[in-house]
Amino acid sequence: IYNDLVSNSRMNRLLQGDVGSGKTIVAIIGLYINYLSGYQGALMAPTEILAIQHASNIKKILPGVNVVLLKVKMKVKEKREIKDMIKSGNADIIIGTHSLISDDVVYKNLGFVITDEQHRFGVNQRGNLKNKGKKPDILYLSATPIPRTYALTLYGDMDISSIRTMPNGR
């Protein structure tokens, strides 16, 4: 994933692993690499609770990086302020649900998009997020094991990485 992020080619990768295997920390490291390169990163989660959890964890792990949370259920003023931060480039990492793909959400310099639990989003929703940037790197996360031959049938030109072991203590 690191090699994909620093190459001149667009990454299109599925990262699969059991719950608790470390997919999220791999995604956070990817977001940080993207941030250091001067781009915005977006992580779309299937539920508001998971989006809140991701935002909280990323803020703790990456202090000094401007992480914002965009939710459907927000006060109008707060939502407008966050959308303005995204558009101006003042938001480095944007976390949210399908609210990230709303027509009125405009990214200044989106370089990396992550879809967590990608199987819970439709093809069009995943496509809408990647189309918010010029040619962002794409990472899909899934705890649902997908055999390589089946994945190639479904995803075609997508590279696949698997985390096969659990971290110590899990």
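If you're wondering where the values come from, they're calculated on a predicted model, not measured in any experiment. (Residues numbered from 1 in each chain as written. Predicted model: local features only at pLDDT ≥ 70, side-chain atom pairs only at ≥ 80, totals over all residues. Heavy atoms only, no water.)

(A) The overall build of the protein, seen in detail. Helix and strand content of the protein: 6 helices and 7 strands. If you list the helices and strands of the protein from N to C, you get α-β-α-β-α-β-α-β-β-α-β-α-β. Long-range contacts, defined as pairs at least 24 residues apart, comprise 74% of the intrachain contacts of the protein with a sequence gap of at least 6. For the protein, the exposed surface amounts to about 9300 Å²; the carbon and sulfur share of it is 50%. (Helix = DSSP H or I, 4+ residues; strand = E, 2+ residues; numbered from the N terminus. Contact = heavy atoms within 4.5 Å. Areas by Shrake-Rupley, 256 points an atom, 1.4 Å probe, with all protein chains shown as cover.)

(B) Structural context of the nonpolar core. Counting 23 residues, the largest nonpolar core has Ile-58, Ile-93, Ile-95 and Ile-114 as the members making the most contacts within it. Of all the secondary-structure elements, those providing two or more residues to this core are helix H2 (23–36), helix H3 (48–61), strand E3 (67–70), strand E4 (93–96), strand E5 (110–115) and strand E6 (137–142). For Ile-95, the residues in contact, after removing those within four places along its chain, are Leu-43, Ala-51, His-54, Ala-55, Ile-58, Val-67, Val-68, Leu-69, Leu-70 and Leu-100. Ranked by size, the runner-up nonpolar core spans 20 residues in total, among them Ala-42, Val-105, Leu-110 and Ile-160. (Core = buried A, V, L, I, M, F, W, Y, C linked by side-chain atoms within 4.5 Å. Buried < 20%, exposed > 50% of the residue type's maximum accessible area, 1.4 Å probe, protein only.)

(C) Region of the structure containing the side chain of Asp-116. By the secondary structure assignment, Asp-116 is in the loop between E5 and helix H5 (123–130). Here Asp-116 sits buried without a salt bridge, and the closest side chain of opposite charge, Lys-23, lies 6.3 Å off (N-O distance). (Lys, Arg positive; Asp, Glu negative; His and termini not counted. Salt bridge = Lys/Arg side-chain N within 4 Å of Asp/Glu carboxyl O.)

(D) Molecular detail of the sheet that holds E4. Pairing within the open sheet is parallel, and its 7 strands lie in the order E3-E4-E2-E5-E6-E1-E7. The sheet terminates laterally at E3 and strand E7 (159–163), the two strands that pair on one side only. The sheet shows a mean angle of 20° between the axes of neighbouring strands, direction not considered. Summarising the sheet, E3 and E4 pair through 4 bridges and their orientation is parallel. Looking across to E4, one finds that Leu-70 is bridged to Gly-96. Across the face of the sheet, H2 comes into contact with strand E1 (12–17), strand E2 (40–44), E4, E5, E6 and E7 while running at roughly 170° to E5. (Pairing = 2+ DSSP bridges. Axes fitted to C-alpha atoms, helices over the stretch in contact; angles between N-to-C directions.)

(E) Here's a closer look at the pattern of salt bridges. In the structure shown here, the tally under the stated rule is 2 salt bridges. Where Asp-4 meets Arg-13, a salt bridge forms, and the shortest distance between an N and an O atom there is 2.8 Å. The class of Asp-4 is buried, set by a relative accessible area of 17%. Owing to a relative accessible area of 12%, Arg-13 belongs among the buried residues under this scheme. Ionic pairing is found between Asp-104 and Lys-83, a salt bridge with its closest N-O pair at 2.5 Å. In this pair, Asp-104 is assigned in the loop between E4 and E5 and Lys-83 in helix H4 (residues 76–88), connecting sequence segments 21 residues apart. The buried category is assigned to Lys-83, whose relative accessible area is 17%.

(F) Local environment of the packing of H2 against H3. Where H2 meets H3, the axes come as close as 11 Å, and the angle between the chain directions of the two elements is 60°. Compared by their axis directions, H2 and H3 come out oblique. For H2 against H3, the interelement crossing comes out right-handed. Across the interface between the two elements, Thr-24, Ile-25, Ile-28 and Leu-31 of H2 pack against His-54, Ile-58 and Ile-61 of H3. Of the residues belonging to the contact of H2 with H3, the class tally is 5 nonpolar, 2 polar and no charged. (Parallel < 35°, antiparallel > 145°, perpendicular 65-115°, else oblique. Left-handed = near helix turned anticlockwise from the far one by under 90°. Nonpolar A, V, L, I, M, F, W, Y, C, P; charged D, E, K, R; others polar.)

(G) Structural detail: H3. In this model H3 runs 20 Å from its N-terminal to its C-terminal C-alpha over 14 residues, within 8% of the 20 Å that 1.5 Å per residue would give. Burial in H3 covers these residues: Leu-50, Ala-51, His-54, Ala-55 and Ile-58. Down the axis of H3, the buried set is contained in an arc of 135°. They therefore lie on one face. Across from the buried face of H3, at angles greater than 90 degrees, the exposed residues are Ile-49 and Lys-60. Each element contacted by the buried residues of H3 is listed here: H2, E2, E3 and E4. (Expected span 1.5 Å × (residues − 1). Arc of directions from axis to C-beta.)

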